Amino acid sequence: MSERAERLLREAVHELAGNPHQSPDLVATALVQGRRMRRRRQAVAAAAAAVAVGAIAAPYVWLRPGPEPPPLPIGAVPTATASPAPSPNRSDGWRDGPVALPGGALVLSVASSVRNEPTWVYDPTRRHFVSIPAEYTGVRAAPHGMVAAVRHSGRPAEVGLYQIRTGDVRWFPTGNKVLATEWSSDGGRLLITLLDERTGAYSIGLLTATEGPLQRYQVKAFPLTCGTACRFSWLPSGKEVTLDGPDPGTTPSTVAGLTLRGLQLFSADDGIPTRTLGVEGEVAGVSAWSPDGSLVVVAGGAPGLPGGAPTPRAPVRTDRAGGDAPTRAGTTPPARLVHVETGKVLREMPTAQVSWIGRDRLLYLDDKVRPGRLTAILVDTKGTEIERTELPAGLTGDDEIVVAAS
């Protein structure tokens, strides 16, 4: 007999000994009683073990995540987090959504040629256009941002930052007359061309998109040679600015008797001249430069080039950073794609109002493909057409249309 069985038998005999009504077969009765006591203790132990296991396992059951959804097919995007790709609105209701263009570009703003009409600026968070009142002129929306630079006829020496979401305007005094404004490619800084009408001196104004005060640096060069308008424009690096060079077809007498050719570059941080590029012509804005700064599209015919005679102007412009457009009057000489280091003309372009889409794609707007409608055309640096998209009917060649590259 095992030690455990012997112990149970003794306990049973001891329990029966205290009972006055004993069975004659004490040994058999003791064995039965011992089995009952063993079964009772086993049941109690099993119940206690079950309670202990339940107490330990319960928190893990409560905290265990629900069944995971089946995996998505390769390349699929969850519909709950995916943003629908913008597509052009083909009707006059283009203001209700984005106007998408080839290469992933978007229409950033539209200024009507009709007087006392608002400027429409695209709000990327709400995915529709909002109007900026007509009292604000020279509206330049920052790419990738929620602010626009504005001017006002009653504030000739101030620049305002207009909050697209709220309509609030914060004005910054410049000290001189504001001639033009242009955002950097990333939308972080605003370049302002300033003129001291008393002395004729030009200054570079810089303003961040989120705060002031405005910084001003007088250009350390005089006199300056300009094209149709003296205004500064960003280079892609954001460290230098350029001044429009005179049209190559002009004579020295039309440019203050000076024979200087090419683009003059200045440091954006102090206005000191840095270098001169052997590129002749006018640059429409920072959007005319390739992202690495090696190529640029300029307006102006060069003597001896095929087709050097003026061609009908392109009625609209594209611009990544909201620069001021050249004069709209008369005709614009043909545009040219130029290699910056060598000054070599690679090919003629239908317009100088272009936006670079990546390192080797250029986007421009054309009003001759279909009369009465604008067509956005994407080409490579060799002039080969890649894609085209027709703009909504509500956008016309008389509007000033600014394009933002993605």
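Note on numbering: residues in each chain are counted from 1, in written sequence order. Totals for whole chains, interfaces and linings use every residue, but because this is a predicted model, local features are given only for residues with pLDDT of at least 70 and side-chain atom pairs only at 80 or more, for both listing and counting. Excluded from the side-chain calculation are hydrogens and water; included are all heavy atoms of the structure.

1. Here we look at the overall build of the protein chain
In plain terms, the rule: Here a helix means four or more residues in a row that DSSP labels H or I, a strand means two or more in a row labelled E, and each is numbered from the N terminus. Each residue is assigned to one of three classes by its accessible area relative to the maximum for its type, calculated with a 1.4 Å probe on protein chains only: buried under 20%, partly exposed between the two thresholds, exposed over 50%. Throughout, a contact is declared for two residues whenever any of their heavy atoms are within 4.5 Å. Surface accessibility in these figures is a Shrake-Rupley result with a 1.4 Å probe; residues are shielded only by whichever protein chains are displayed.
Looking only at helices and strands, the protein chain features two helices and 24 strands. For the protein chain, the proportion of its 406 residues judged to be buried stands at 41%. Residue pairs at least 24 apart in sequence account for 49% of intrachain contacts in the protein chain once pairs closer than 6 positions are excluded. As displayed, the protein chain has an accessible area near 21,000 Å², and 55% of this comes from carbon and sulfur atoms.

2. Considerations on the pattern of salt bridges
Heads up, the rule is: Here, a salt bridge means any Lys or Arg side-chain nitrogen found within 4 Å of an Asp or Glu carboxyl oxygen.
Evaluated as defined, the whole model comprises 12 salt bridges. Here lysine 177 and glutamate 197 are joined by a salt bridge, their closest N and O atoms 3.6 Å apart. Of this pair, lysine 177 sits in strand β8 (residues 177-183) while glutamate 197 is found in the loop between β9 (189-196) and β10 (201-208), placing the two residues 20 residues apart along the sequence. Classification of lysine 177 by relative accessible area gives partly exposed; the value is 37%. Judged by relative accessible area, glutamate 197 falls into the exposed class, the value being 59%. Glutamate 385 is the partner of arginine 388 in a salt bridge, and the nearest nitrogen-oxygen pair spans 2.5 Å. Taken together, the shared-partner salt bridges connect Asp123, Arg126 and Arg165 into one network.

3. Some words on the sheet that holds β10
The line we're drawing: Whether two strands pair comes down to DSSP finding at least two bridges between them. Between the N-to-C directions of two axes lies an angle of 0 to 180 degrees, each axis being a line fitted to C-alpha atoms and, for a helix, fitted only over the stretch in contact.
The sheet built from four strands is open, its strands ordered β8-β9-β10-β11 with antiparallel pairing. Each of the sheet's edge strands pairs with one partner strand only, and the pair in question is β8 and β11 (215-218). Across this sheet, the average inter-strand angle for adjacent strands is 25 degrees, counted without regard to direction. Where β8 and β9 come together, six bridges link them in antiparallel fashion. Paired with lysine 177 across the bridge in β9 is leucine 195.

4. Details of the nonpolar core
Filter applied, for reference: We call a set of buried Ala, Val, Leu, Ile, Met, Phe, Trp, Tyr and Cys residues a nonpolar core when their side-chain atoms join them within 4.5 Å.
Membership of the largest hydrophobic core comes to 19 residues, with the highest contact counts inside it found for Val99, Leu101, Val107, Leu363, Leu391, Leu395 and Ile401. Contributions of two or more residues to this core are made by β1 (106-111), β21 (361-370), β22 (373-380) and β24 (400-404). Considering every element that reaches this core, the biggest residue donor is β22, with three residues. When near neighbours in sequence (up to four residues on either side) are disregarded, leucine 395 contacts Trp94, Val99, Val110, Leu374 and Ile401. Formed by 15 residues, the second largest nonpolar core is a distinct cluster that contains Tyr202, Leu224, Trp234 and Val241.

5. As for the side chain of aspartate 123
Our working rule: Throughout this description, a polar contact denotes any pair of N or O atoms lying within 3.5 Å of each other; where both atoms belong to protein, one of them has to be capable of donating a hydrogen while the other can accept it, and for residues adjacent in sequence the pair is counted only when both atoms sit in side chains.
With respect to the helices and strands, the residue aspartate 123 is situated in strand β2 (residues 119-123). Given the relative accessible area of 0%, aspartate 123 is considered buried. Side-chain polar atoms of aspartate 123 contact the side chain of threonine 125, separated by 2.7 Å. The contacts of aspartate 123, once residues within four sequence positions are left out, are His128, Val130, Met146, Ile164 and Arg165.

6. As for the side chain of glutamate 400
Along the chain, glutamate 400 falls in strand β24. A polar side-chain atom of glutamate 400 sits 2.9 Å from a polar atom in the side chain of arginine 140.

7. Examining the pairing of strand β6 (residues 155-163)
One ladder, built from five bridges, connects strand β5 (residues 147-152) with β6; its direction is antiparallel. Bridge pairing in β6 places alanine 149 opposite leucine 161. Following β5, the chain reverses through two residues before pairing antiparallel with β6. Alignment of β6 against strand β7 (residues 169-173), held across five bridges, turns out to be antiparallel. Looking at β7, one finds that glutamate 158 is bridged to proline 173.

8. Things to note about the sheet that holds strand β12 (residues 232-234)
Read across the open sheet, the four strands follow the order β12-β13-β14-β15; overall the sheet is antiparallel. Strands with a single pairing partner mark the edges of an open sheet, and in this sheet they are β12 and β15 (273-277). Ignoring strand direction, the axes of neighbouring strands in this sheet form an average angle of 35 degrees. Note: strand β13 (residues 240-243) against strand β14 (residues 263-267), four bridges, orientation antiparallel.

9. Section: the packing of aromatic side chains
Rules: Whether two aromatic rings pair depends on their centres lying within 6.5 Å, for rings of Phe, Tyr and Trp, where Trp uses its six-membered ring; planes under 30 degrees apart make the pair stacked, over 60 edge-to-face, and the rest tilted. We call a charge positioned above a ring when the Lys NZ or Arg CZ atom is no farther than 6 Å from the ring centre and deviates by at most 35 degrees from the ring normal.
Counted by the stated rule, this structure contains five aromatic pairs. A centroid spacing of 5.3 Å and a plane angle of 55 degrees characterise the contact between tyrosine 122 and phenylalanine 129, whose relative ring orientation is tilted. This pair shows no difference in class: tyrosine 122 is buried, exactly as phenylalanine 129 is. Relative to tryptophan 171, the ring of tyrosine 136 lies with its centre 6.3 Å away and its plane at 35 degrees, an arrangement referred to as tilted. In this pair, tyrosine 136 is assigned in the loop between β3 (128-132) and β4 (137-141) and tryptophan 171 in strand β7, connecting sequence segments 35 residues apart. Each of the two residues, tyrosine 136 as well as tryptophan 171, counts as buried. These aromatic residues form a ring-pair network of at least three members: Trp94, Tyr122 and Phe129. One Lys or Arg, arginine 95, reaches over the ring of tryptophan 120 and ends 4.5 Å from the middle of that ring.

10. Some words on the pairing of β9
Counting buried residues along β9, seven of its eight residues qualify, which places the element largely inside the surrounding structure. The hairpin turn running from β9 into β10, its antiparallel successor, is four residues long, and glycine 200 in that turn takes a positive phi close to 80 degrees.

11. Remarks on unusual backbone geometry
Of note, the phi angle at asparagine 116 is positive, near 65 degrees, even though the residue is not glycine. Structurally, asparagine 116 is set in the loop between β1 and β2. What makes asparagine 116 exposed here is its relative accessible area of 65%. Of note, the phi angle at arginine 127 is positive, near 60 degrees, even though the residue is not glycine. Take arginine 127: it is sitting in the loop between β2 and β3. The exposure class assigned to arginine 127 is partly exposed, which follows from its relative accessible area of 31%.

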